[in-house]
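Per-entry structural report
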Amino acid sequence: PIMDLKVKETFWAIVQNGLTSSDPLSRKRCLYLLHRVLVSVKQLASNGKKGAMASGGWVFWWSDSHGRELQASWDDLVLLLETLEEKQVHIIKPVKSRLKNIVSAMNTY
């Protein structure tokens with residue numbers, strides 16, 4: 001049997017710690033894990049399954065009825081996090097506007 005890490009609080013704690021780590025390699029690895037979770041959840045949603053829930057409550061939520069909006073919001077977040085790893089200001093400035101989309105999505109969902 002395959003273990004579904006998306007429902008494990010420990011997995012999300014590792015991802016969150018990695019994304020906020022001072023080590024660039026840890027951030028990159030956890031960003032990759034987040035991206036893979038997004039792909040996985042999108043595929044599950046297309047099969048009629050919804051979100052992931054850990055024992056303490058919702059860790060990651062997905063719904064077919066909001067799939068496009070959620071995908072866009074998560075894609076914006078991943079792009080923003082990837083871009084912030086860059087050192088060149090001309091790369092970061094165009095993506096800053098996506099932060100508003102992310103904040104708006106958090107208030108909506």
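Definitions and limits used
- Residues numbered from 1 in each chain as written.
- Predicted model: local features only at pLDDT ≥ 70, side-chain atom pairs only at ≥ 80, totals over all residues.
- Heavy atoms only, no water.
- Phe/Tyr/Trp six-rings, centres within 6.5 Å; stacked < 30°, edge-to-face > 60°.
- Buried < 20%, exposed > 50% of the residue type's maximum accessible area, 1.4 Å probe, protein only.
- Helix = DSSP H or I, 4+ residues; strand = E, 2+ residues; numbered from the N terminus.
- Core = buried A, V, L, I, M, F, W, Y, C linked by side-chain atoms within 4.5 Å.
- Contact = heavy atoms within 4.5 Å.
- Axes fitted to C-alpha atoms, helices over the stretch in contact; angles between N-to-C directions.
- Parallel < 35°, antiparallel > 145°, perpendicular 65-115°, else oblique.
- Left-handed = near helix turned anticlockwise from the far one by under 90°.
- Nonpolar A, V, L, I, M, F, W, Y, C, P; charged D, E, K, R; others polar.
- pLDDT = per-residue confidence, 0-100.

1. Comments concerning the packing of aromatic side chains
Scanning all chains against the criterion turns up 1 aromatic pair. Aromatic pair Phe-11 and Trp-12: ring centres 5.3 Å apart, planes at 80 degrees, arrangement edge-to-face. Neither Phe-11 nor Trp-12 differs from the other in exposure class; each is buried.

2. Observations concerning the environment of Tyr-32
On the secondary structure map, Tyr-32 appears in helix α2 (residues 24-46). A relative accessible area of 52% places Tyr-32 in the exposed class. Remark: the alpha-carbon pair of Tyr-32 and Val-78, spanning 46 residues in sequence, is separated by 9.1 Å.

3. So, the nonpolar core
Phe-11, Trp-12, Val-15, Cys-30, Leu-31, Leu-34, Val-37, Leu-38, Val-41 and Val-78 together form the largest nonpolar core, which totals 10 residues. Listing elements by their share of this core, those giving two or more residues are α1 (9-19) and α2. Residues within four places of Phe-11 in sequence aside, it is in contact with Leu-5, Lys-6, Leu-33 and Val-37.

4. Concerning the packing of helix α3 (residues 67-84) against helix α5 (residues 98-108)
It is the contact of α3 with α5, at a shortest axis distance of 9 Å, that shows an interaxial angle of 135 degrees. Regarding the angle of α3 to α5, the classification is oblique. In the packing of α3 onto α5, the handedness of the crossing is left-handed. On α5, the residues that touch Ser-73, Asp-76, Leu-77, Leu-79 and Leu-80 of α3 are Arg-98, Leu-99, Asn-101, Ile-102 and Ala-105. Residue composition of the contact of α3 with α5, grouped by class: 6 nonpolar, 2 polar and 2 charged.

5. Topic: the confidence of the model for the chain
Scored by pLDDT, the chain comes out at a mean of 79, with 80% of its residues at no less than 70. When pLDDT is averaged over each element of the chain, α1 comes out on top at 90 and strand β1 (residues 52-54) at the bottom at 51.

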